[in-house]
Amino acid sequence: MTTLNSLKMTSELPGPNNMKTALDLVAAAKGRIHEIPVEQAEQAIGNADLLIDVREADEFAAGHIPGAVHMSRGMLEFKLSMNPALAARDLNVVVYCKTSGRAALSCASLQEMGYLNVQSIAGGYDAWVAAGKPVAKPPVTKFE
């Protein structure tokens, strides 16, 4: 019978030197992707074929960058793979999230999928709003 103690003696469990946190993964992703400062974001978005918001649906509904398409981080690769219009790997893509962590992970994943021109907005949506950039908010449906 395998016990936790016997597993610790093998390489089946990662050792303390191999354990990574979410922040470690984000830092590694940021080392592999192209992150643009918010001051350059409007120009990058203007040149982009696709602007992707990878935040959750409720975050997107509360406000997003105008022109953004919502694809939450958890479904990003699936939504891109299922849409033939997004199959071209030379699309210019800009990605953002709340502060840039999920966007960095998303950009790294898109690069692994073969997308060649992927950028993330440094500081994400929070930096965009703090810079006074325009925000789109869907109309609220009122039931009377």
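Rules of the game
- Residues numbered from 1 in each chain as written.
- Predicted model: local features only at pLDDT ≥ 70, side-chain atom pairs only at ≥ 80, totals over all residues.
- Heavy atoms only, no water.
- Pairing = 2+ DSSP bridges.
- Helix = DSSP H or I, 4+ residues; strand = E, 2+ residues; numbered from the N terminus.
- Phe/Tyr/Trp six-rings, centres within 6.5 Å; stacked < 30°, edge-to-face > 60°.
- Buried < 20%, exposed > 50% of the residue type's maximum accessible area, 1.4 Å probe, protein only.
- Lys NZ or Arg CZ within 6 Å of the ring centre and 35° of its normal.
- Salt bridge = Lys/Arg side-chain N within 4 Å of Asp/Glu carboxyl O.

1. Brief notes about the sheet that holds strand β2 (residues 50-53)
For step 1, the next point in the chain: Spatial ordering of the open sheet is given by β1-β5-β4-β2-β3, a layout of 5 strands whose pairing is parallel. Because the sheet does not close on itself, it has two edges, and the strands there are β1 (34-36) and β3 (69-70).
For step 2, the next point in the chain: Of the pairings in the sheet, the one linking strand β4 (residues 92-96) to strand β5 (residues 117-121) comprises 4 bridges and is parallel in character. By the bridge assignment, V95 is partnered in β5 with S120.

2. Focus: the packing of aromatic side chains
For step 1, the next point in the chain: Summed over the entire model, instances satisfying the criterion amount to 1 aromatic pair.
For step 2, the next point in the chain: Between Y96 and Y125, the aromatic rings sit 6.3 Å apart at their centres with planes inclined by 20°, giving stacked as the arrangement. Here Y125 lies in helix α7 (residues 124-130) and Y96 lies in strand β4, a separation of 29 residues in the sequence. As far as the burial class goes, Y96 and Y125 line up, both buried.
For step 3, the next point in the chain: Here the guanidinium or amino end of R55 rests over the ring plane of Y125, the centre of that ring lying 4.2 Å away.

3. Let's talk about unusual backbone geometry
For step 1, the next point in the chain: One non-glycine residue, S100, adopts positive backbone phi at about 115°.
For step 2, the next point in the chain: Mapped onto the elements of the fold, S100 is located in the loop between β4 and α6 (101-112).
For step 3, the next point in the chain: A residue is classified by how much of its surface remains accessible, and S100, at 3% relative accessible area, is buried.

4. Re the pattern of salt bridges
For step 1, the next point in the chain: Under the criterion given, the structure shown has 6 salt bridges.
For step 2, the next point in the chain: A salt bridge links E77 to R73, with the nearest nitrogen and oxygen atoms 2.8 Å apart.
For step 3, the next point in the chain: Residue R73 is classed as partly exposed on the basis of its relative accessible area of 22%.
For step 4, the next point in the chain: Two residues, K98 and D126, come together in a salt bridge whose shortest N-O distance is 2.9 Å. Note that K98 is positioned in the loop between β4 and α6 and D126 in helix α7, a separation of 28 residues in sequence.
For step 5, the next point in the chain: By relative accessible area, which is 37% here, K98 ends up partly exposed.

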